[in-house]
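Summary of structural features
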Amino acid sequence: MSDLLLIILACAAVNYLLRVVPFIIPIGDKLPPYVKRFLDYMPVAALGALILPGIITSFPDNPAAGIAGIAAAGLTSWLTGGLILPVFASIGTAWIVLQYFPI
Amino acid sequence: MKTETNIFMHPDFIDGARNALPIFIGYFTTSAAFGILALSSGLTPFEAVVFSMTNLTGAAQFMAINLMASGVLAGEIVISVFLMNLRYFVMSASLARKLGLQKKIDKAVISFGVTDEVFTVASLKPGEVSTSFMRGLQYTSWLGWTGGTIAGVTMGAFFPRSLQDAMSGSLFALFAALLVPEIKKGYRAAILAVSAGLMNTVLYYVCHISAGWSIVISMLAVTAVAAALFSDDDTSGAEIQEEACR
């Protein structure tokens, strides 16, 4: 079995445990407001940490392609919503920068 | 299949499946993007499909393939996924109370299919939510997520090289597309994301902490501080859980 497959299955186990434990052990759902906010904010903070500084290093030869791509994605997402269109907008923009504005 | 038709023909099952149609469409397209990006992150088509089949989770899967592509250690990936998906624990706790399942097999299967969208639909449905309804809702959602990845890895195999190069930034585009709707809901999401991003940048470049751990530390630190500072409840997603808890 490949290393990646092992990581994937470990992630699956973690996700399943998070979901199944409250069904087996009734813990109730009255959480203190601080804990609730903590859980709400976590995914948003994660997205921020995933974008920066990763976007700068995603195109080591031409960082402008990454920055132009994510700008196009952000704009498309703001205007149209959804996930597919912003992704395609970013691929198209990055492709244009890589083809026509090489460093 | 014939012997099982009683499960799939149950009116509540069909009702649940119908309720899951918008989820199916959203999952299919997102998951197709996942399939394409997984290939450019170095996963095999088989690994990508197994990932979707067994994990059934959105942003955390994208995060994981991003970390895999940058060669981050396994432990850091699993901890990041755990932290990002802690919310499932809360959703399951709330659903467990609402559904009141008795059979062990139902608990084992239905808990597997708890996602943000399934949770929202089931929680907001007035009155009693039957096991058949949950099955229809979850099986349809799972089919959308798994089918999308299969479609994505099939499409990705035909993409030319220059396009694959241009795709190395598309994961970040996806993160941005996930983030923008949160920012539209309230300015706090913008503060959270920018703080976490800046902290991660400093930890990585100035303190030379590895990419996986710097993400974990930034997530935890920024969230802990923000949850303490923002005392009153605002709009960024909290209201769904609020309603479910009542």
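Residues numbered from 1 in each chain as written. Chains lettered and ligands numbered in written order. Predicted model: local features only at pLDDT ≥ 70, side-chain atom pairs only at ≥ 80, totals over all residues. Heavy atoms only, no water.

A few points about the confidence of the model for chain A
Of all residues in chain A, 97% have pLDDT values of 70 or greater, and the mean over the chain is 87. Between the elements of chain A, mean pLDDT differs from a low of 83, seen in helix H3 (residues 54–57) of chain A, to a high of 95, seen in helix H1 (residues 3–24) of chain A. (pLDDT = per-residue confidence, 0-100. Helix = DSSP H or I, 4+ residues; strand = E, 2+ residues; numbered from the N terminus.)

A word on the packing of aromatic side chains
Residue and element names in this part refer to chain B. The final tally for this structure, using the stated rule, is 13 aromatic pairs over all chains. Taken together, a centroid distance of 5.2 Å and an interplanar angle of 85 degrees make the contact between Phe8 and Phe13 edge-to-face. For Phe8, a relative accessible area of 29% gives the class partly exposed. Ring centres of Tyr27 and Trp145 lie 5.5 Å apart, and the angle between their planes is 75 degrees; this geometry places the pair in the edge-to-face category. One end of the pair, Tyr27, is in helix H3 (residues 21–40); the other, Trp145, is in helix H10 (residues 131–156), with 118 residues separating them in the sequence. Residue classification places Tyr27 among the buried residues on the basis of a relative accessible area of 9%. An aromatic cluster is present here, built from Phe8, Phe13 and Tyr139 joined pairwise through their rings. Sitting over the face of the ring of Phe133, Lys125 holds its NZ or CZ atom 4.4 Å from the ring centroid. (Phe/Tyr/Trp six-rings, centres within 6.5 Å; stacked < 30°, edge-to-face > 60°. Buried < 20%, exposed > 50% of the residue type's maximum accessible area, 1.4 Å probe, protein only. Lys NZ or Arg CZ within 6 Å of the ring centre and 35° of its normal.)

What about the interface of chain A and chain B?
Listed by partner, the interface residues are 63 residues for chain A and 95 residues for chain B. Roughly 7200 Å² is buried in total at the junction of chain A and chain B, and carbon and sulfur atoms are behind 74% of that figure. When the buried surface of chain A facing chain B is broken down by residue, Arg19(A), Phe23(A) and Tyr41(A) rank first, second and third, together holding 12% of it. Taken together, chain A and chain B are joined by 0 salt bridges. Put simply, chain A and chain B have 16 residue pairs in polar contact (both at pLDDT 80 or more) between them. Going through the elements one at a time, H1, helix H2 (33–51), H3, helix H4 (63–80) and helix H5 (84–100) of chain A are the ones with two or more residues in the side of chain A that touches chain B. (Contact = heavy atoms within 4.5 Å. Buried area = accessible area lost by both parts, 1.4 Å probe. Salt bridge = Lys/Arg side-chain N within 4 Å of Asp/Glu carboxyl O. Polar contact = N/O pair within 3.5 Å; in protein donor to acceptor, adjacent residues only side chain to side chain.)

Side note on helix H7 (residues 87–99) of chain B
Residues and elements named next belong to chain B. For H7, spanning 13 residues, the distance from its first C-alpha to its last is 18 Å, which sits close to the expected 18 Å at 1.5 Å a residue. Among the 13 residues in H7, 10 count as buried, and that is most of the element. Turning to H7, its buried residues number three or more, namely Arg87, Tyr88, Val90, Met91, Ser92, Ala93, Ser94, Leu95, Ala96 and Leu99. One or two residues past the end of H7 sits Gly100, with phi positive at roughly 55 degrees. (Expected span 1.5 Å × (residues − 1).)

Considerations on empty space enclosed by the protein
Inspection of the entire model under this criterion finds 1 cavity of 30 Å³ or more. In this model, the largest cavity occupies a volume close to 50 Å³. Contributing to the lining of the largest cavity are Ile84(A), Val87(A), Phe88(A), Ile91(A), Ala33(B), Ile36(B), Leu37(B) and Met167(B). Secondary structure elements with two or more residues in the lining of the largest cavity: H5 of chain A together with H3 of chain B. In terms of residue count, the dominant contributor to the lining of the largest cavity is H5(A) (4 residues). Residues that form the lining of the largest cavity fall into these classes: 8 nonpolar, no polar and no charged. (1 Å grid on protein atoms, 1.4 Å probe; cavity = no way out; pocket = protein on both sides within 12 Å on 5 of 7 lines; lining within 4 Å. Points joined across faces, edges and corners; volume = space filled by probe spheres on them. Nonpolar A, V, L, I, M, F, W, Y, C, P; charged D, E, K, R; others polar.)

Focus on a nonpolar patch on the surface
On the surface, Ile56(A), Val202(B), Tyr204(B), Tyr205(B) and Val206(B) cluster together into a nonpolar patch covering about 430 Å² of accessible area. Among the elements that take part in the nonpolar patch, helix H13 (residues 187–205) of chain B stands out by supplying 3 residues, more than any other. Its location among the elements puts Ile56(A) in helix H3. Residue classification places Ile56(A) among the partly exposed residues on the basis of a relative accessible area of 36%. (Patch = residues over 30% accessible without salt bridge, like charges linked within 9 Å, V, L, I, M, F, W, Y side chains within 5 Å. Areas by Shrake-Rupley, 256 points an atom, 1.4 Å probe, with all protein chains shown as cover.)

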